[in-house]
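Single-letter residue listing:
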Amino acid sequence: MTRSEACFHCALPIPTGCDLSVDIEGRRRAVCCPGCKAVAELIRDTGLVRYYALRDTPEPGVGRPPEDVAEWSVFDGDDMLEAFTERRDGTREATIYVGGMYCSACSWLIETTLGKQPGVRSAEVNPITHRLRLEFATGGTTLGSHLATLADLGYQPQPLSPETSTRPEVAEQRVALKRLLVASLGMMQVMMFAVGLYSMDFHTVEPEMQHFLRLVSFFVTTPVVFYSAKPFFTSAWRGVAGRKPGMDLPVSIAIGSAYAASVYATFARGEAVWFDSVTMFVFFLTLGRFLEMRARHRSIDRSAALSSLLPNTATRIETDGHATVPISQLTAGDKVLIRAGDPIPADGLLASGTTSVDESLLTGEARPQAKGVGDALSAGSVNLDGMVEMTVTSTGSDTTLGTISRLSERARYARPAFVTLADNVASYIVVALLIVAAGVATFWYFADAERAFVITLSVLVVTCPCALALATPAAFAAAGSRLSQLSLLVTNGNAIETLSRATVVMLDKTGTLTMGAPRITSVFVIDDRRTERDCRLIAAALEHASTHPLAGAFAVPGERPAVANERIHVGKGVSGIVDGREWRIGSAGFAGGGAAVEDGVSTHVFLGVGGEAVACFELEDELRPDARRTLDRVKNLGLKTALVSGDNRAAVLSTAEKLAIDDVHFECTPADKLGIIGDAQRRGECVVMVGDGINDAPVLAGADTSIAPAHGALLAQTSADVIMTGDSLAPLTTAIEMARRTMRIVRQNLTWAIVYNALALPLAAAGFVPPWAAAIGMSASSLIVVLNALRLSRFE
């Protein structure tokens, strides 16, 4: 490779000492800089290599990326990675706001392009909020390189930190408002000139005056087309380049062709111009897009509201007094002073004093919660009463508030399967509409050539499938936002659709129907060589690492015996080596206690060693106060209920009797529960499993959809499709009712979109819809769909 040759991509001379090249169709091609290398590889990897065969020989420097692409390299530092990404089992996960997106075709182009980049595990774009969730390997790839790839595609990426309070969508809204203002002013002025031009049909006017009015209209329309309508052209070109034409393509063709024809007629002294129609196209389309954007931004207001709960600073207690510090400087173990009325800056334990806190935005519970020494406090809740001290346990994204925000953010990227299918079909619909428009143009060219152009414009605009594309995503975004306000986090995009057709709800007992805060009521020591305290300490040591709801009942203050080789046996209990012997705690059969004791009320946990029972712990857990009321509402909604528990027969039957549940299964292992769910599914039932999102993870995965009550630290560990963040069971019926309402809205939106296009297309093709009416009709149809979806935000 000689240094005298030109860069394969931009044709500039290759600098001395530069040894960069890129493989294009099996041949090494020399390039002049890392930027040209990156762009050439991007073109190759996205399947657009024919660009090089079809292009003319470029002028030197044409196609070379701007120097400021290097600005993305600042995001490659370790400090930037820590600020803008989160660790995920050897990978990094980043949330990126992508400016310049306009339709689902943009989502496809971004996901496909980034998916081909080395080290990228997944790239998921939410077309509603314009946010990209990117997961990439930490070795051999950088955040900056992926941001540069997005910039090369023509987007404006902005990485968001997990705790960011900035609102990049506000900047997007400002730019959109400027485009709308230019379009509105241009339309008003051009319409004034159009009045003079139309009056020439009734009065004789000098040709020079007509030409002058056309020229002025041309000068006013030009910024409307090249500034206000720029997003339509940009989006349309991306779709064509990515071989996935989007809904902006027919609109762009209509605007561009009408403007070009008008310019030609102006300078060639033709018969007619359509500057007034062009400005009206752009104005009404931009207005509809702006209103749609406002509605879309409402779907992320919940996360912004959560972020605003945290204070900017906290009062840290230090050895020499108090210091006011940014909350980002708090670490686990710090002590902070919280005054009455102040928001709590981090998760922690109450160290001194008593108070009550408002946790309504976190849990949905409107009543203040009393707190005493040792009780957990959550970041974002408000201290209502006296001055207290708190020991910090977690900060930032590791807090309950951070977890809720992260789960809410992640839920917006999970699109239901049928939404993805609709996105894939959309490009074929656009192609079909273009074919129809071409057919209409051909027909009218021979039937009435003078009207052919105007009628074709109307067909292109009126049939744009914007409403069809928005029908489902708008409804799901509004539903997800409202559910998060009602103490429900949807983490699986398919959950809403599945909940809407559920037929049976299966519930676990402990921690689901009960409060999940059991207490030991009595201890029966079976082995006389052991004391009750010995048994309690060994039990506490074994249960220390368990996440089962019953484990919390065994906690004791002070030191515990050391445990080695601790193992959790799902559905049975926990085992470990204490003082050289294997101890077990759990069910009677597992620990060596023989048959379980049945008293119809309590749960019994056995402690054993060497296959012999040493002690039996009797535990009680109160039913949730609203459990009976909630299950009655479930039945009123037409769903069947079943109780599926691993607890003993008497305790389960007693609970079922209190809650009026007829279908009861007790002493079930996780395999038994899976079998029960499978039997119901084979009978044609759509099963919703409500249970512990941590210990029952395989069981929840086996159901059609799953719901788990969880809060605090357990939020981050749960695997359920829907998470109830409060202590109430009532959100269960809220989720079902909202799911049904959402799917009803989706069906209404789809019906409206289909009926609108079915009526508008033949009317436009027959010449009954003028271009300005087509623009209004298309914008109105999209707005109706969005407003109908926003009705879900008022769901109670």
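Cut-offs and rules
- Residues numbered from 1 in each chain as written.
- Predicted model: local features only at pLDDT ≥ 70, side-chain atom pairs only at ≥ 80, totals over all residues.
- Heavy atoms only, no water.
- Helix = DSSP H or I, 4+ residues; strand = E, 2+ residues; numbered from the N terminus.
- Buried < 20%, exposed > 50% of the residue type's maximum accessible area, 1.4 Å probe, protein only.
- Contact = heavy atoms within 4.5 Å.
- Areas by Shrake-Rupley, 256 points an atom, 1.4 Å probe, with all protein chains shown as cover.
- Phe/Tyr/Trp six-rings, centres within 6.5 Å; stacked < 30°, edge-to-face > 60°.
- Pairing = 2+ DSSP bridges.
- Lys, Arg positive; Asp, Glu negative; His and termini not counted.
- Salt bridge = Lys/Arg side-chain N within 4 Å of Asp/Glu carboxyl O.
- pLDDT = per-residue confidence, 0-100.
- Axes fitted to C-alpha atoms, helices over the stretch in contact; angles between N-to-C directions.
- Parallel < 35°, antiparallel > 145°, perpendicular 65-115°, else oblique.
- Nonpolar A, V, L, I, M, F, W, Y, C, P; charged D, E, K, R; others polar.
- Core = buried A, V, L, I, M, F, W, Y, C linked by side-chain atoms within 4.5 Å.
- Expected span 1.5 Å × (residues − 1).

1. Focus: the overall build of the protein
Phase 1 of the analysis: Across its full length, the protein holds 26 helices and 29 strands.
Phase 2 of the analysis: Burial status across the protein gives 51% buried among its 796 residues.
Phase 3 of the analysis: Counting contacts in the protein only where the partners sit at least 6 residues apart, residues at least 24 apart contribute 66% of the total.
Phase 4 of the analysis: Summed over all atoms, the accessible surface of the protein reaches about 35,500 Å², with 56% contributed by carbon and sulfur.

2. Details of the packing of aromatic side chains
Remark: the centre distance and the inter-plane angle together describe each pair of aromatic rings, the angle taken between the planes.
Phase 1 of the analysis: All told, the structure shown has 11 aromatic pairs when counted by the stated rule.
Phase 2 of the analysis: Here the aromatic rings of Tyr259 and Phe275 are separated by 6.4 Å at their centres, their planes lie at 65 degrees, and the arrangement is edge-to-face. Within this pair, whereas Tyr259 is found in helix H9 (residues 248-267), its partner Phe275 is found in helix H10 (residues 275-298), the two being separated by 16 residues in sequence. For the pair Tyr259 and Phe275, a shared accessibility class is recorded, and that class is buried.
Phase 3 of the analysis: Ring plane angle 85 degrees and centroid distance 5.3 Å describe the contact between Tyr445 and Phe446, whose orientation is recorded as edge-to-face. By the burial criterion, Tyr445 is exposed, and Phe446 matches it.

3. Here we look at the sheet that holds strand S13 (residues 369-371)
Sheet strands line up and pair through hydrogen bonds in the backbone, either parallel or antiparallel.
Phase 1 of the analysis: Strand order in this open sheet of three strands is S13-S12-S15, and the pairing throughout is antiparallel. The open sheet has two edge strands, S13 and strand S15 (382-383), and neither has a second partner.
Phase 2 of the analysis: Looking at chain direction, strand S12 (residues 355-358) and S15 are connected through two bridges and run antiparallel. The partner of Asp358 across the bridge, within S15, is Val382.

4. Examining the side chain of Glu543
Phase 1 of the analysis: Relative to the elements of secondary structure, Glu543 occurs in helix H19 (residues 532-543).
Phase 2 of the analysis: Buried Glu543, no salt bridge; nearest opposite-charge side chain is Arg560, N-O distance 11 Å.
Phase 3 of the analysis: With residues up to four places along the chain from it excluded, the contact list for Glu543 reads Ala551, Phe554, Glu566, Val574 and Ile585.

5. A short note on the confidence of the model for the protein
Phase 1 of the analysis: Residues of the protein with pLDDT of at least 70 account for 82%, and the chain-wide mean is 80.
Phase 2 of the analysis: No element of the protein has a lower mean pLDDT than helix H11 (residues 301-307), at 54, and none a higher one than strand S18 (residues 504-507), at 94.
Phase 3 of the analysis: In this model, residues 61-70 is a region of pLDDT below 50 whose contacts with residues beyond four sequence positions or in other chains number 17 contacts.

6. Some thoughts on the environment of Ala735
Phase 1 of the analysis: In this fold, Ala735 is placed in helix H25 (residues 731-765).
Phase 2 of the analysis: The sequence separation of Ala735 and Leu483 amounts to 252 residues, and the corresponding C-alpha distance is 7.4 Å.
Phase 3 of the analysis: Dropping the residues within four chain positions of it, Ala735 is found in contact with Leu483, Leu488, Leu499 and Ile707.

7. A closer look at unusual backbone geometry
Comment: phi is negative for the bulk of residues other than glycine, and the bulk of peptide bonds are trans.
Phase 1 of the analysis: Of note in the backbone geometry, Asp579 takes a positive phi value of approximately 55 degrees without being a glycine.
Phase 2 of the analysis: The backbone of Ala660 sits at a positive phi, close to 60 degrees, despite the residue not being glycine.
Phase 3 of the analysis: By secondary structure assignment, the location of Ala660 is in the loop between helix H22 (649-659) and strand S26 (663-665).
Phase 4 of the analysis: For Ala660, a relative accessible area of 26% corresponds to the partly exposed category.

8. Considerations on the pattern of salt bridges
Phase 1 of the analysis: One pass over the full model with this rule turns up 15 salt bridges.
Phase 2 of the analysis: When the shortest N-O distance is used, the salt bridge between Arg316 and Asp334 registers 3.6 Å. Placement of the pair is Arg316 in strand S8 (residues 313-318) and Asp334 in the loop between strand S9 (321-326) and strand S10 (335-338), with a sequence separation of 18 residues. Assigned by exposure class, Arg316 and Asp334 land together as buried.
Phase 3 of the analysis: Glu685 is paired through a salt bridge with Lys640; the nearest N and O atoms lie 2.2 Å apart. Residue Glu685 is found in the loop between helix H23 (670-682) and strand S27 (687-690), and its partner Lys640 is found in strand S25 (residues 640-644); the two are separated by 45 residues along the sequence.

9. Observations regarding the pairing of S10
Phase 1 of the analysis: Across two bridges, S8 lies against S10 in antiparallel orientation. Opposite Arg316, over in S10, you have Val336 as the bridge partner.
Phase 2 of the analysis: Looking at chain direction, S10 and strand S16 (residues 388-394) are connected through four bridges and run antiparallel. Opposite Ile338, over in S16, you have Val388 as the bridge partner.

10. Details of the packing of helix H7 (residues 207-228) against helix H8 (residues 230-241)
Phase 1 of the analysis: Two numbers describe how H7 lies on H8: the axes approach to 5 Å, and their chain directions differ by 45 degrees. Viewed along their axes, H7 and H8 adopt a mutual orientation that is oblique. Note on element contacts: H8 touches H7 through Lys230, Pro231, Phe232 and Phe233, opposite Val225, Phe226, Tyr227 and Ser228.
Phase 2 of the analysis: Class assignment for the residues of the contact of H7 with H8 results in six nonpolar, one polar and one charged.

11. Let's talk about the nonpolar core
Phase 1 of the analysis: Of all hydrophobic cores here, the largest spans 50 residues; its most connected members are Val251, Ile255 and Met778.
Phase 2 of the analysis: At the level of secondary structure, the elements contributing two or more residues to this core comprise helix H6 (168-199), H7, H9, H10, helix H14 (417-447), helix H15 (449-462), H25 and helix H26 (771-790).
Phase 3 of the analysis: Of all the elements, H10 adds the most residues to this core, at 10 residues.
Phase 4 of the analysis: Once residues within four sequence positions are removed from consideration, Ile255 is found in contact with Val225, Ala229, Phe232, Phe233, Val278, Phe281, Val282 and Leu285.
Phase 5 of the analysis: Formed by 42 residues, the second largest nonpolar core is a distinct cluster that contains Val490, Leu499, Val664 and Val722.

12. Structural notes on H26
Phase 1 of the analysis: Spanning 20 residues, H26 covers 29 Å between terminal C-alpha atoms, matching the ideal 28 Å at 1.5 Å per step.
Phase 2 of the analysis: Along H26, the positions that sit buried rather than exposed are Pro771, Ala774, Ala775, Met778, Ser779, Ser781, Ser782, Val785, Val786, Asn788, Ala789 and Leu790.

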